[in-house]
Amino acid sequence: MSFVLALDQGTTSSRAILFDHAGSIRAVAQREFAQIYPQPGWVEHDPMEIWATQSAVMTEVLAKASVAPADIAAIGITNQRETTLLWERATGRPVANAIVWQDRRTAPTCDALRRAGREPTFTRKTGLVLDAYFSGTKLKWLLDNVPGARERARRGELAFGTVDSWLIWNLSGRTKHVTDATNASRTLLFDIHQGDWDDELLGLLDVPRAVLPTVVDSSGVCAETTLAGVSVPIAGIAGDQQAALFGQACLAPGLAKNTYGTGCFLLLTTGRTAVASKNRLLTTVASRRGGNTDYALEGSVFIAGAVVQWLRDGLKIIRAAPEVEALAASVPDNGGVYLVPAFAGLGAPHWDAYARGAIFGLTRGATGAHLARAALESIAFQGAEVLRAMEADASLELSELRVDGGAAANDLLMQIQADLLGVAVVRPKVLETTALGAAYLAGLAVGYWRDESDITGNWQIERRFEPAMSRDQAAALTAGWEKAVARAKGWA
C-alpha cells in the first residue's frame, strides 16, 4: 500500500498529511510556530523555524501512521503564498526574517509606483493589483534594507523564494532552487501570459534576475529528497489557494471554491482563458501541467478566521475558537453591530492598505454574543462581496459555492454565507483540500492517480447549506455592512 505525502506550510503552522488512493487522510502531524510583529503593520516569520517545524512533522506523520519512506509514492508541497524569503546560496542561511503576506510595510512603495502610472503595466502582465500583499515589493524592501543584499544578489550569491522554494531548497540538500507557476504568479515579477519572469517588471522593482528561482510545472517531478536513506520524488507544488481549488475538483471552467483560513480566498476556474477583471479581482495561474496553463479569478480577503483568533486572544471573550459558534448562535441577529476586520487593510475588491479594523452600531444592549455574531458575519459579508464581483467579471451566475478550510466546519458561518449569497454552500467530506490538492498534483505526476477523473470521482459532499433568508433581509444586512466598510476605509 503506498501513499502520497502532502507538506502544508501555512501562516501559523506547518503540517504533514498522508493521503491514500481514495483521497482519505491516513495521518496528520502539525506544529505551530511564532508570529513576529516588529512594529505595527509588520509581520515576520523565522525561516529556520518554518523549516524546522515542517521537517519535524514530515518525520512525525510517517511514525504516526507506521509508514516507511519506501511507501511514499511522491511528495506534494503547498504553502502560504506571497511570504518572501532571501537566503545565502553558499550557507543556506537567511539574510533576514521572512516578510509575511499580511505585512503592510511596502504600501508606500506601491503608492509611489501607482503615482508614477505603473499599475496598468503590472496588472496587464501579472493579473495582480499593485498592493503590499504580493512578494515583489517585499523582495525590493529586503534588497534595499539588508546591507549589501542587492550587490550580492546581482553576483548570484543570494536566492529569493516563496515558502515552496525555501522548503525544496532544504529538502533537496540545497541543490534545487525552483518555484511553480502558481507561486510565481503572486510575485508581481511574472508575466502570466508569457509564463516567465519579466525584465520590465524586474527593472521597475530593481530585482536582479540572478536571485530568482526556475519556474517549473505545478505537477511534475522537480526534485528529490532523502527520507531515512530512501529517495522520494517531490512532484507537486501549488500555492495554498490554487491547491485547494485543485483539491476541491474545481477543474472545469465555472467551478468555484472559498477557503476559510486565516484569510478567505475565493477562486473561480476560468480554464485556459486568463479573464481580466473589471472589479479589482486578481487573474492568477490555477495550475501548470504538461506545459499548459489554467487560470482562475481570485478574490483575497486578508482577515477571516483570524478575526475569531482576535476574539480569543485579543478580547478574550472565548477560550477556544470553536466556542464562537455557540456564542454567536445565542442571539437571533447581530443587534445592529457590524465588525469590519480590516486589521491588515482591506483586500478584494477594495484594496485599501490604510483601512483599519472597526466596530459600528454599539449600544448598551450590545453583548459579546453580538460581537461574536458580527465577527462571523464579517467573514461571510467579505465572501459575498468577492463572489458578486467574480460573477460580474466572468458573466455568469454560480449555482453553488464549494467551501473548505478550518472555519468551514462552523455550521452557523456556512448558513450565514448561504443566506447572504442566495446560493447553496457545499462542504466536502475532506476539508483538508489544500493539502489534498498538493497530493493530487504530485500523485498525477508519478501515475499514482491516472487522470482528472480519479480526482473528481474522489470528491464527496458532507453537507449542503441552502439559503433560508429572504433576499430583502439579506440586502438590508448587506447595506449595513457597506456603510460600516465605507467608514473604516483610509483610517491609517
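Residues numbered from 1 in each chain as written. Predicted model: local features only at pLDDT ≥ 70, side-chain atom pairs only at ≥ 80, totals over all residues. Heavy atoms only, no water.

1. Here's the deal with the pattern of salt bridges
Here comes step 1: With the rule as written, the count across this model stands at 40 salt bridges.
Here comes step 2: Between K140 and D144 there is a salt bridge whose closest N-O contact spans 3.2 Å. In this pair, K140 and D144 both sit in helix α4 (residues 135-145), four residues apart, roughly one turn of the helix.
Here comes step 3: A relative accessible area of 42% means that D144 is categorised as partly exposed.
Here comes step 4: Each of R81, E82, R186, D240 and E298 takes part in one network of salt bridges that share partners. (Salt bridge = Lys/Arg side-chain N within 4 Å of Asp/Glu carboxyl O. Helix = DSSP H or I, 4+ residues; strand = E, 2+ residues; numbered from the N terminus. Buried < 20%, exposed > 50% of the residue type's maximum accessible area, 1.4 Å probe, protein only.)

2. Here we look at the state of the cysteines
Here comes step 1: Counted according to the given criterion, the structure contains zero disulfides.
Here comes step 2: Here C250 stays free of any disulfide, with the sulfur of C264 as its closest cysteine sulfur at 14 Å. (Disulfide = S-S within 2.5 Å.)

3. A look at the side chain of R402
Here comes step 1: Relative to the helices and strands, R402 is located in strand β21 (residues 400-404).
Here comes step 2: R402 sits in the buried class, given a relative accessible area of 11%.
Here comes step 3: Residue contacts for R402: discarding those within four places in its chain leaves Q248, A249, C250, L255, A256, K257, N258, V426 and W459. (Contact = heavy atoms within 4.5 Å.)

4. With respect to empty space enclosed by the protein
Here comes step 1: Taken as a whole, this structure holds two cavities of 30 Å³ or more when the rule is applied.
Here comes step 2: Put simply, the largest cavity is a space of about 90 Å³.
Here comes step 3: Contributions of two or more residues to the lining of the largest cavity are made by α9 (240-247) and β17 (282-289).
Here comes step 4: In terms of residue class, the lining of the largest cavity is made up of five nonpolar, three polar and three charged.
Here comes step 5: When its volume is computed, the second largest cavity comes out at roughly 40 Å³. (1 Å grid on protein atoms, 1.4 Å probe; cavity = no way out; pocket = protein on both sides within 12 Å on 5 of 7 lines; lining within 4 Å. Points joined across faces, edges and corners; volume = space filled by probe spheres on them. Nonpolar A, V, L, I, M, F, W, Y, C, P; charged D, E, K, R; others polar.)

5. Quick word on the pairing of strand β6 (residues 85-88)
Here comes step 1: Every second residue of β6 is oriented toward a common face, with L85 and W87 on one face and L86 and E88 on the other, all of them buried.
Here comes step 2: For β6 and strand β8 (residues 158-161), the ladder comprises four bridges, and the chain directions are antiparallel. Paired with L85 across the strands is G161, a residue of β8. (Pairing = 2+ DSSP bridges.)

6. Side note on the packing of aromatic side chains
Here comes step 1: Inspection of the entire model under this criterion finds 16 aromatic pairs.
Here comes step 2: Ring plane angle 50° and centroid distance 5.1 Å describe the contact between W310 and F343, whose orientation is recorded as tilted. Here the residue W310 occupies a position in helix α10 (residues 305-313), and F343 occupies one in the loop between β19 (338-340) and β20 (358-360), the gap between them amounting to 33 residues.
Here comes step 3: According to the relative accessible area criterion, F343 is partly exposed, its value standing at 33%.
Here comes step 4: Ring geometry for Y440 and W449: centres 4.8 Å apart, planes at 80°, overall edge-to-face. Comparing Y440 with W449, the two get one shared label, buried.
Here comes step 5: Counting every residue linked through ring pairs, the aromatic cluster contains W101, Y133, F134, F265, F302 and W351.
Here comes step 6: Directly above the aromatic system of W42 lies the positively charged group of R105, at a separation of 3.7 Å from the ring centroid.
Here comes step 7: For R402, the ring lying beneath its charged end belongs to W459, and the centroid distance is 3.7 Å. (Phe/Tyr/Trp six-rings, centres within 6.5 Å; stacked < 30°, edge-to-face > 60°. Lys NZ or Arg CZ within 6 Å of the ring centre and 35° of its normal.)

Interpretation in functional terms is not warranted from these geometric data alone.
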